[in-house]
Amino acid sequence: MPRTYLVTGAASGIGKATADRLRAEGHRVIGADLQGTDIAADLATPEGRAEIVARATELTGGSLDAVVACAGVSRFDPLTVRVNCFGAFATLEGLRPLLAAGTDPRAVVIASVASVHPADQTIVDAVLAGDEAAAVEAAQAAADRGEGGVIYGSSKQAVARWIRRTAVTDAWAGAGIPLNAIGPGTILTPMTEPLLADPEMRELVDRSVPMPLHGHARPEQIAPLLDWLTSPENTHVTGQVVFIDGGADAVLRGDGVW
């Protein structure tokens, strides 16, 4: 049966591949991105976050079956936590009433295998406290001391932990809405293209995200997992970060994480 989806980050990468797959299956997909989609919204700003909720409500009539929050950036500055964390959380929480009115509602957000990398706990703690100003300040401090590279992994660790604590609440599990994240490894997208084009950076990326199974993935290879997690078939998977990383998490953390 056709469903109504909202996909953020739908103009490129994993978001576009997911939107294309869902449309090919006959579903209605409302895309959101900075431009070139049904909803133009900057999730780094309060205005953009309000816009996505308002426009989604208008376009759907107040009922939505699934949300796939793919919008994200990887920069060595505070924009990363604004978009990856507070933009994603505002999207999911803002659209939750529409999901509650939908049929077999589901939601998923993009985390990363970088969530298991060493993180700046000041950033993570501020995000989980819901303090955007403090998170931005901590991210800027990391950038100022030459540790901007830790910001992305910190943002994704915060996403993973937020999912774990939020998914089991009355507002989500209690309302019958599975809420999950996926943890991709290195994906061939416009975000990673500049890194992988540089041989030295590519070597660094492959050391930090080793992918023994098939190497780097294309966005089209990630979309099927997002499709299933937001389908009516997913009745009991919630609060999980499902790694789709070619084995990177298993290499990095081994078998001692249990």
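Relevant structure appears above.
Description of the structure in this document. Being a predicted model, the structure only gives us computed values, none of them experimental.

### Notes on the packing of helix α4 (residues 121-128) against helix α5 (residues 132-144)
Then step 1. As a packed pair, α4 and α5 sit with axes 8 Å apart at the nearest point and diverge in direction by 165 degrees. When the interaxial angle is binned, α4 and α5 end up roughly antiparallel. You can see that α4 and α5 cross each other, and the crossing is left-handed. Together, Thr122, Ile123, Ala126 and Val127 of α4 and Ala134, Ala135, Ala138, Ala139 and Ala142 of α5 make up the contact between the two elements.
Then step 2. The residue inventory of the contact of α4 with α5, partitioned by class, reads eight nonpolar, one polar and no charged.

### Some remarks on the pattern of salt bridges
Then step 1. Inspection of the entire model under this criterion finds 13 salt bridges.
Then step 2. Here Asp38 and Arg23 are joined by a salt bridge, their closest N and O atoms 4.0 Å apart. Separated by 15 residues along the polypeptide, Asp38 in the loop between β2 (28-33) and β3 (39-40) and Arg23 in helix α1 (residues 13-24) bring together distant segments of the chain.
Then step 3. The partner of Asp77 in a salt bridge is Arg75, and the shortest N-O contact between them spans 2.8 Å.

### Some thoughts on the side chain of Asp65
Then step 1. Residue placement: Asp65 occurs in the loop between α2 (46-60) and β4 (66-69).
Then step 2. Of note is the side chain of Asp65, whose polar atom sits 2.8 Å from the backbone nitrogen of Thr103.

### A word on the state of the cysteines
Then step 1. Counted under the stated rule, the structure contains zero disulfides.
Then step 2. The closest cysteine sulfur to the non-disulfide-bonded Cys70 is located on Cys85, 15 Å from its own sulfur.
Then step 3. Look at Cys70 and you get buried, because its relative accessible area is 13%.

### Quick look at the layout of surface pockets
Then step 1. Space inside the largest pocket adds up to approximately 1300 Å³.
Then step 2. As for the largest pocket, its lining consists of 49 residues, of which Val73, Ser74, Tyr152, Met191 and Thr192 are closest to the centre.
Then step 3. The set of elements that each furnish at least two residues to the lining of the largest pocket consists of α1, β2, α3 (79-100), α6 (150-166), α7 (193-197) and α8 (199-208).
Then step 4. Of the residues belonging to the lining of the largest pocket, the class tally is 30 nonpolar, 16 polar and three charged.

### Focus: the side chain of Gln157
Then step 1. Checked against the element boundaries, Gln157 lands in helix α6.
Then step 2. When neighbours within four sequence positions are excluded, Gln157 is seen to be in contact with Ser115, His117, Ala119, Gln121 and Val124.

### Some words on the environment of Ile52
Then step 1. Among the structural elements, Ile52 can be located in helix α2.
Then step 2. Residue class for Ile52 comes out buried when judged on its relative accessible area of 1%.
Then step 3. When residues no more than four places from it in sequence are discounted, the contact partners of Ile52 are Leu6, Thr8, Ala32, Ile39, Ala41, Leu43, Thr91 and Leu95.

### Brief notes about the packing of aromatic side chains
Then step 1. A complete count under the given rule lists two aromatic pairs for this structure.
Then step 2. Where Phe86 meets Phe89, the ring centres are 6.5 Å apart and the plane angle is 65 degrees; that geometry is what we call edge-to-face. Of this pair, Phe86 and Phe89 are both found in helix α3, three residues apart, which corresponds to roughly one turn of the helix.
Then step 3. With centroids separated by 4.2 Å and ring planes inclined at 15 degrees, the aromatic side chains of Phe89 and Trp162 adopt a geometry described as stacked. Of the two residues, Phe89 sits in helix α3 while Trp162 sits in helix α6, which places them 73 residues apart along the sequence.
Then step 4. Given a relative accessible area of 9%, Phe89 falls into the buried group.
Then step 5. Classification of Trp162 as buried rests on a relative accessible area of 10%.

About the thresholds
- Residues numbered from 1 in each chain as written.
- Predicted model: local features only at pLDDT ≥ 70, side-chain atom pairs only at ≥ 80, totals over all residues.
- Heavy atoms only, no water.
- Axes fitted to C-alpha atoms, helices over the stretch in contact; angles between N-to-C directions.
- Helix = DSSP H or I, 4+ residues; strand = E, 2+ residues; numbered from the N terminus.
- Parallel < 35°, antiparallel > 145°, perpendicular 65-115°, else oblique.
- Left-handed = near helix turned anticlockwise from the far one by under 90°.
- Contact = heavy atoms within 4.5 Å.
- Nonpolar A, V, L, I, M, F, W, Y, C, P; charged D, E, K, R; others polar.
- Salt bridge = Lys/Arg side-chain N within 4 Å of Asp/Glu carboxyl O.
- Polar contact = N/O pair within 3.5 Å; in protein donor to acceptor, adjacent residues only side chain to side chain.
- Disulfide = S-S within 2.5 Å.
- Buried < 20%, exposed > 50% of the residue type's maximum accessible area, 1.4 Å probe, protein only.
- 1 Å grid on protein atoms, 1.4 Å probe; cavity = no way out; pocket = protein on both sides within 12 Å on 5 of 7 lines; lining within 4 Å.
- Points joined across faces, edges and corners; volume = space filled by probe spheres on them.
- Phe/Tyr/Trp six-rings, centres within 6.5 Å; stacked < 30°, edge-to-face > 60°.

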